[in-house]
Every structure is written in C-alpha cells, then in structure tokens.
Amino acid sequence: MAEDARTNSSLLGRLLEEISWEGNRVRLYRRGGLGMENVLTTEVLSPLSYLPRQHFLGEVLRSAHGAEAAMAAVITEIEDAEIFILPPELTLQPGALNVQPDAVIESTGVYVLVEAKRIRRASFQPEQLAREYLTVLREAGDRVPALLLILGAPPPVTVKQHGLRDIRDAISERLPWLLTRTGADEDVEELVEQIPQVVSWITWAEIDEIVRRQVAGFEVDDPSVRHSVERLAAALSSAIQVHS
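Fair warning: this is a prediction, and the values are worked out from it, not measured in the lab. (Residues numbered from 1 in each chain as written. Predicted model: local features only at pLDDT ≥ 70, side-chain atom pairs only at ≥ 80, totals over all residues. Heavy atoms only, no water.)

Draft legend 1. Quick peek at the sheet that holds strand 6 (residues 144-151). Reading across from one edge, 1-4-5-6-9 is the order of the five strands in this open sheet, with mixed pairing throughout. Of all the strands in the sheet, the pair left with one neighbour each is strand 1 (82-85) and strand 9 (199-203). Going from strand to strand, the sheet's axes swing by 20° on average, the running direction of each strand aside. Sheet analysis places strand 1 next to strand 4 (residues 103-106), joined by four bridges and oriented antiparallel. In the sheet register, Phe 84 faces strand 4, and the bridge partner there is Val 104. (Pairing = 2+ DSSP bridges. Helix = DSSP H or I, 4+ residues; strand = E, 2+ residues; numbered from the N terminus. Axes fitted to C-alpha atoms, helices over the stretch in contact; angles between N-to-C directions.)

Quick look at the structure:
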C-alpha cells in the first residue's frame with residue numbers, strides 16, 4: 001500500500017509535528033507540556049488570532065517596545081493579515097541555514113517573524129537573533145519587515161555562552177559571522193542601523209494584562225458574541241498563567 005502523503009496542516013497537527021521531532025525530550029510534554037515554548041505559543045497566539053484583531057492583537061502590537069512604525073504598519077493591515085502559528089522552517093539564503101519561526105504574520109505590506117520564548121529560564125542560541133533578523137529582512141522583500149520577540153521578562157536577554165545581552169548587541173555581534181557563513185554581501189553597518197526600526201519585544205505578562213484590560217472594555221450588543229470573546233480571552237490568560 002502506498003504511503004499516505006497527506007499532511008494535517010491544522011494548528012494541532014503542526015504542534016504534533018513539532019513534538020514528533022523532540023526524540024527523548026518528548027517526556028517533557030508530560031503534564032500537558034507545561035513551560036514548553038511551542039505549547040505556550042499555540043495556546044496563546046491561537047485565541048489571540050481569533051479575537052477581534054483591532055481591539056486585541058492590534059493593542060498588543062501597539063504596546064510592543066521598539067519598531068513603532070513597523071508595528072503601526074502591521075496594525076493597519078491586521079484584519080486581513082494571515083497568521084501562521086508554528087509554520088514550516090524558512091531557509092536563510094545564500095548558505096541554506098534553517099530558521100524556525102514560532103509564528104509569522106503576513107499581509108500585503110508587512111512581514112512579521114515572531115520568536116516566542118518560554119516564560120521561565122529561556123535563552124537564545126548565540127546566533128539565533130542574528131539569523132532571525134537577517135531572515136525577516138530577506139523574507140519581507142519590498143514589504144515592511146518586523147521581528148517581534150515575546151519574552152518571559154524584559155531585556156536584557158540571555159544568550160547561551162554569552163550571558164545577559166542587549167538585543168541590539170546580541171544581533172550585531174553575530175552579523176559579521178552570519179554574513180560570512182551564508183556568503184551574503186549586505187553591509188554590516190547598514191544592517192545594524194536598521195535594528196531599532198525592525199526589532200520589537202513584549203512580555204507574556206504584558207500580553208495577559210492587555211487582553212484582560214481589553215476584554216473588560218469590549219462592548220458589543222450580542223450577548224453570545226460577548227461571551228465568545230470572554231471565553232477566548234480567558235483561555236489565553238489561563239495559558240499564560242499555567243505556563244508561568
């Protein structure tokens with residue numbers, strides 16, 4: 001019998017695909033994957049994508065720190081944007097380095113790569129931020145690029161083997177190596193100058209606070225719609241609390 005080539009591309013299917021690559025680490029998903037980045041990302045970004053976007057996701061982006069113009073551009077197109085949670089790997093060309101976003105937000109004029117870290121004891125690989133930064137610039141093409149970091153705590157961030165680092169430094173220090181590794185010819189100084197316009201961050205706690213505030217102020221005449229919004233917001237907040 002021929003192998004079934006179909007793929008379950010639903011959000012749950014993509015989460016299971018991620019887990020299937022964990023090998024012996026799959027034991028960490030006992031107790032419902034508490035603290036695991038991809039579970040937290042799925043349980044928070046999924047309801048956030050379904051809630052009325054201008055009122056909820058738009059406010060989250062508006063409250064993010066840094067890259068204000070890029071975030072404003074995302075908000076103007078957020079209703080029609082496509083949101084991919086746990087999307088397939090991207091390939092950083094030239095050089096064929098793989099980059100695994102936690103989510104991607106795409107619209108006609110904007111491309112956002114989302115990197116979400118766990119709430120407790122999270123760290124970046126030495127070149128991870130530089131890879132993601134360079135990837136979002138290339139994937140955006142003519143669109144506005146943005147790299148949104150969702151963190152367990154405000155910066156500085158922990159980088160393996162380098163300790164606490166400012167986000168800009170964590171990116172700029174690895175860019176020369178990355179450009180050499182991929183055979184790219186971008187100007188390092190120009191790339192570093194763009195970092196404040198591209199990179200933004202927000203914490204899980206801030207997202208929780210924003211959603212709680214926004215649901216309290218959400219007004220709609222239909223009680224059924226109101227209750228649906230409340231249930232989605234409660235599920236989001238509960239996920240952040242349980243993974244904290």
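Draft legend 2. Layout of the nonpolar core. With 48 residues, the main nonpolar core has Val 44, Trp 204 and Ile 207 as its most contacted residues. The contacts of Trp 204, once residues within four sequence positions are left out, are Leu 40, Thr 41, Val 44, Ala 116, Lys 117, Arg 118, Ile 119, Ile 150, Leu 151, Gly 152 and Ile 240. Core analysis: the second largest hydrophobic core is formed by 33 residues, Leu 92, Leu 179, Ala 184 and Val 192 among them. (Core = buried A, V, L, I, M, F, W, Y, C linked by side-chain atoms within 4.5 Å. Buried < 20%, exposed > 50% of the residue type's maximum accessible area, 1.4 Å probe, protein only. Contact = heavy atoms within 4.5 Å.)

Draft legend 3. How the structure looks around the side chain of Thr 41. On the secondary structure map, Thr 41 appears in helix 2 (residues 37-50). Residues contacting Thr 41, with those up to four places away along its chain left out, are Ser 46, Ile 85, Asp 102, Ala 116 and Trp 204.

Draft legend 4. Region of interest: unusual backbone geometry. The linkage connecting Pro 155 with the following residue, Pro 156, adopts the cis geometry, with an omega of 10°. As for its placement among the helices and strands, Pro 156 is situated in the loop between strand 6 and strand 7 (157-159). If you check the backbone angles, Leu 86 has positive phi at about 55° while not being a glycine. Structurally, Leu 86 can be placed in the loop between strand 1 and strand 2 (90-92). Although it is not a glycine, Arg 121 sits at a positive phi angle of roughly 50°.

Draft legend 5. Region of interest: the pairing of strand 5 (residues 110-116). Judged by how many residues are buried, strand 5 sits mostly within the fold: seven of seven residues are covered. By the alternation rule, side chains of strand 5 split into Val 110, Val 112, Val 114 and Ala 116 and Tyr 111, Leu 113 and Glu 115, which are all buried. As paired strands, strand 4 and strand 5 are joined by four bridges and run antiparallel to one another. Along strand 5, the bridge assignment pairs Val 104 with Leu 113.

Draft legend 6. Here's a closer look at the environment of Asp 169. Relative to the helices and strands, Asp 169 resides in helix 6 (residues 167-172). For Asp 169, a relative accessible area of 32% gives the class partly exposed.

Everything listed is a geometric property; what it means functionally is a separate question.
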